[in-house]
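# Fold and contact review
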Amino acid sequence: MLSPIVNVVSGVFGGISAEPILAYLDPGSGSMILQVLIAGTLSSLYFMRSSISYMKTWLSGNKNAR
Amino acid sequence: MIESARSEASFRDPSGFIFDRGRELFRQVNLSYKDDYDRLIGSGLYAELVGDGLLIPHKEVDAEPAIAEAAYRVLRPERVPFVSYPYEWCFGQYRDAALLTLEVQRRAIGAGMSLKDASAYNVQFRGARPVFIDTLSFEAYHEGEPWVAYRQFCQHFLAPVALMSRVDVRLPQILRANIDGVPMDLASRLLPWRTRFNPGLLMHVHLHARLQGAHGGGSSTAPRRGFGRRSMLGLIDHLASTIRGLRWSPEGEWAGYTEDNTYSAAAHEHKRKLVAEFLEIAGPSTVWDLGANTGEYSRIASGRGSSTVSFDLDPACVERNYIEAARDGEAGLLPLVLDLANPSPGLGWRNRERASLTGRGPADLVLALALIHHLAIANNLPFPHVVDFFHEAGRWLVVEFVPKDDPQVGRLLRSRRDIFDAYNLKEFEASFRERFAIHRAEPIAESGRVLYLMQGTG
């Protein structure tokens, strides 16, 4: 199920790898690429969750005010 | 001059290391870590984390460094009462340790820093509360860069917790063979196929394993951009919600927890009274309760101020013990999973990186209640072998002799030939007198059992 995605991702990042990130432990190329691949999804999910949480706080704040 | 001994577990990170001098524990901060250390303190992150009980506190001290030419500071960190390892944690402890690490990372990002490693060995327990112990794990956060410790977090935390929840709660034992956490390909192969429908496990375990496979473990050339602050916070949030969604309940296949039900109320009360009395006489600072079940007698020890580790083989008992200890905010009670017939060995580099069970002792006092028949009969251990182990584990010993006509021993012998002629009170006492002085021997009311208070000799 995952193979086509993995192949596409590997092809894209295999070609445009930039300078290495230097850490004292090997962060793993696959692990770094995965994060960049899912960055948009994570960012959107985080925005949605933060917004819902903000709305909840705002609504409960309004209720308390009443 | 007192010799400094560098910790055998502290060598990977060039930022500094732990060392012992006399009976005191120190951490040397190296000059190479100066900027990050100053940022940790100056940003207020250290004070915030310590204030909320998430990071171990330390004092900057004017002590001689172990390696003077590399040193920037010498710290004296608070000592945790007992060092435990992830393969000794129950499910709840493992999950809480994972969530603690993510919370530390979330707050670090807020302060312009990030964790450069996410090892499960960086978390310890003070009673039932996890605490992050590696003060040198923080580095400056460069927005746009992915989390360098993501791989380690998934191997050390997400994979073991997922395996405990979705396959078998005993699986942290895999960590005894894999010092750097569960490899992602192994975790992916062991998890049931249906876990691909869990978005968190699909992303962080299955896809992660495939990408690692495609790119090998070689040098990390990866894009430096495209991972903004919101993505980083999203990653932390997503990992946390994935872990929070993983559950395991001590109900079900692990029933355990029936041992003491054979006591009458009077016998039970008498045993509690004797244990409390013996603890008062010995006055231990540290207690190991071996075969503790859900920790009823451990609580007598922790209640009188002894720092107590409550070991049991059954993960369900340890889980119940931990849930109760966490609920009550027990500061002096640490429940852990341990098979006494095969206790944690020395592991890692030269077998010295992670200490064996007895390497972390001895305790001032060992409690061995309703245990002797499990060792001598269920595990075929002759009394002298048991005596040697107890002598190594503790200075004082409270041990309960359970006679052969006891229903619990009968249960163990039900489907076995009785080859245990030497299992009797006379042999028991003779064997223990070889290495212990017997101070008290009290029959427990309404039972054939005898409770002993002994002190190690020689």
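The numbering scheme is per chain: residues are counted from 1 as the chain's sequence reads. For this description, chains carry letters from A and ligands carry numbers from 1, given in the order in which they are written. Reporting in this predicted model follows two pLDDT cut-offs: at least 70 for local features of residues, and 80 or more for side-chain atom pairs to be given and counted; totals over whole chains, interfaces and linings ignore these cut-offs and use all residues. Calculated side-chain values reflect all of the structure's heavy atoms, with hydrogen atoms and water omitted.

## A look at the overall build of chain A
Secondary structure assignment for chain A yields 2 helices and 0 strands. Here's how the labels work: a residue is buried when its accessible area is under 20% of the maximum for its type, exposed when over 50%, partly exposed in between, all with a 1.4 Å probe on protein chains only. Classification of the 66 residues of chain A by burial places 32% in the buried group. For helices the rule is a DSSP run of H or I covering at least 4 residues; for strands it is a run of E covering at least 2, with both sets numbered from the N terminus onward.

## What to know about empty space enclosed by the protein
With a 1 Å grid spanning the protein atoms alone, the term cavity applies to any set of points in which a 1.4 Å probe fits but cannot get out, the term pocket to an open set with protein on both sides within 12 Å along at least five of seven lines, and the term lining residue to any residue with an atom within 4 Å of a point. Grid points are joined across faces, edges and corners, and a volume is the space filled by probe spheres set on the points. Following the criterion strictly, the structure yields 2 cavities of 30 Å³ or more and no others. Taken as a whole, the largest cavity spans an internal volume of roughly 70 Å³. Together, B:P81, B:F82, B:F125, B:G127, B:S307, B:T308, B:V309, B:A331, B:G332, B:L333 and B:L334 line the largest cavity. Where the lining of the largest cavity is concerned, the elements lending two or more residues are β11 (307-312) and β12 (333-337) of chain B. If one sorts the elements of the lining of the largest cavity by residue count, β11(B) sits on top with 3 residues. Three classes are used, and their members are as follows: Ala, Val, Leu, Ile, Met, Phe, Trp, Tyr, Cys and Pro are nonpolar, Asp, Glu, Lys and Arg are charged, and the others, Gly among them, are polar. Broken down by class, the residue content of the lining of the largest cavity amounts to 7 nonpolar, 4 polar and no charged. There is about 50 Å³ of room inside the second largest cavity. Taken together, A:L25, A:D26, A:P27, B:K116, B:D117, B:A118, B:V148, B:A149, B:R151 and B:Q152 make up the lining of the second largest cavity. Taken together, the residues that form the lining of the second largest cavity break down as 5 nonpolar, 1 polar and 4 charged.

## Looking at the packing of aromatic side chains
Residue and element names in this part refer to chain B. Note on aromatic contacts: the rings of Phe and Tyr and the six-membered ring of Trp form a pair at centre separations within 6.5 Å, being stacked when their planes are under 30 degrees apart, edge-to-face when over 60 apart, and tilted otherwise. Considering all chains together, one arrives at 25 aromatic pairs over all chains under this definition. Pairing F383 with F428 gives two aromatic rings, centres 5.6 Å apart and planes at 80°, and the pair type is edge-to-face. Taken as a pair, F383 in helix α12 (residues 383-393) and F428 in helix α14 (residues 425-433) lie far apart in primary sequence, 45 residues in all. A residue is classified by how much of its surface remains accessible, and F383, at 5% relative accessible area, is buried.

## Looking at the side chain of B:S137
Within the secondary structure, B:S137 is located in the loop between β8 (129-132) and β9 (138-140). Polar contact criterion, stated in full: a pair of N or O atoms within 3.5 Å, where within protein one must be able to donate a hydrogen and the other to accept it, and residues adjacent in sequence count only if both atoms are side-chain atoms. Only 3.4 Å separates the side chain of B:S137 from the side chain of B:N122, close enough to count as a polar contact.

## Some words on the pairing of strand β16 (residues 450-456) of chain B
Residues and elements named next belong to chain B. Of all 7 residues making up β16, 5 are buried, and the element is well covered by its neighbours. The pairing criterion for strands is at least two bridges between them, as found by DSSP. Relative to β16, strand β14 (residues 394-401) runs antiparallel, the two being bridged by 6 bridges. Within β16, the position partnered with V398 by the bridge is L453. In this structure, strand β15 (residues 436-443) lies alongside β16, joined through 7 bridges in antiparallel fashion. What sits directly across from I438, in β16, is M454.

## Overview of the confidence of the model for chain B
Residues with a pLDDT of 70 or more make up 95% of chain B, whose mean pLDDT is 93. Under the prediction, the complex receives an ipTM of 0.84, its pTM being 0.92. The pLDDT score gives, residue by residue, the confidence of the prediction method on a 0 to 100 scale.

## Describing unusual backbone geometry
Residue and element names in this part refer to chain B. Residue G361 is joined to P362 through a cis peptide bond whose omega torsion reads 0°. Relative to the helices and strands, P362 is located in the loop between β12 and β13 (363-368). Unusually for a residue other than glycine, N380 sits at a positive phi of about 55°. Within the secondary structure, N380 sits in the loop between α11 (372-378) and α12. When its relative accessible area of 39% is taken as the criterion, N380 is described as partly exposed. One non-glycine residue, E446, adopts positive backbone phi at about 55°. Looking at the element boundaries, E446 is found in the loop between β15 and β16. E446 sits in the exposed class, given a relative accessible area of 61%.

## Some thoughts on the environment of B:G110
Residues and elements named next belong to chain B. For G110, the location among the structural elements is in helix α3 (residues 91-110). Relative accessible area serves as the criterion here: at 66%, G110 is assigned to the exposed category. Sequence spacing of G110 and L45 is 65 residues, and the spatial spacing of their C-alpha atoms is 8.8 Å.

## Comments concerning the packing of helix α8 (residues 265-282) of chain B against helix α9 (residues 296-303) of chain B
Each pair of packed helices can be summarised by the angle the axes make with each other and by the distance between the axes. Residue and element names in this part refer to chain B. Two elements in contact, α8 and α9, have axes separated by 10 Å at closest approach and are oriented at 35°. In the crossing of α8 with α9, the sense of the turn from one axis to the other is right-handed. Contacts between α8 and α9 pair H268, K271, R272, V275, A276 and L279 from the former with E296, Y297, I300 and A301 from the latter. Where helices are involved, their axes are fitted lines through C-alpha atoms of the stretch in contact, as for all axes, and angles between N-to-C directions lie from 0 to 180°. Two helices cross in a left-handed way if the nearer one is turned anticlockwise from the farther one by less than a right angle. They cross in a right-handed way if the turn is clockwise. The contact rule is simple, with two residues in contact once any of their heavy atoms fall within 4.5 Å.

## Here we look at α9(B)
Residue and element names in this part refer to chain B. Burial of α9 is extensive: 6 of the 8 residues sit out of reach of the surface. Residues of α9 that are buried: Y297, S298, R299, I300, A301 and S302. At its buried positions, α9 is contacted by α8, β10 (286-290), β11, α10 (315-327), β12 and β13. Downstream of α9 by a residue or two, G305 has a phi angle that is positive, lying close to 100°.

## Section: a nonpolar patch on the surface
Taken together, the side chains of A:Y54, A:M55, A:W58 and A:L59 define a hydrophobic patch exposed on the protein surface, amounting to about 470 Å² of accessible area. Examined against the element boundaries, A:W58 turns out to sit in helix α2 (residues 29-65). The patches described consist of residues with a relative accessible area above 30% and no salt bridge, like charges being joined within 9 Å and nonpolar side chains (Val, Leu, Ile, Met, Phe, Trp, Tyr) within 5 Å. Per-residue and other accessible areas follow the Shrake-Rupley method at a 1.4 Å probe size, with only the shown protein chains counted as cover for residues. Salt bridges, as used here, are contacts in which a Lys or Arg side-chain nitrogen is within 4 Å of a carboxyl oxygen on Asp or Glu.

## Side note on the nonpolar core
Residues and elements named next belong to chain B. Each nonpolar core is a collection of buried residues, namely Ala, Val, Leu, Ile, Met, Phe, Trp, Tyr and Cys, held together in the definition by side-chain atoms within 4.5 Å. In terms of nonpolar packing, the biggest core is built from 124 residues, with F138, W147, F153, W288, F390 and Y423 touching the most fellow members. In contact with Y423, other than residues within four places in its own chain, are I372, H373, A376, I377, F383, F401, V402, P403, K404 and V409. Formed by 19 residues, the second largest nonpolar core is a distinct cluster that contains Y263, L274, V287 and L365.

## So, the environment of B:E319
Residues and elements named next belong to chain B. Relative to the assigned elements, E319 resides in helix α10. A residue is classified by how much of its surface remains accessible, and E319, at 3% relative accessible area, is buried. Separated by 106 residues in sequence, E319 and G213 place their C-alpha atoms 35 Å apart. Look past the residues within four positions of E319 in its chain and what remains in contact with it is C90, F91, G92, W248 and P250. Polar contacts involving the side chain of E319 include one to the main-chain amide nitrogen of F91, which spans 3.1 Å.

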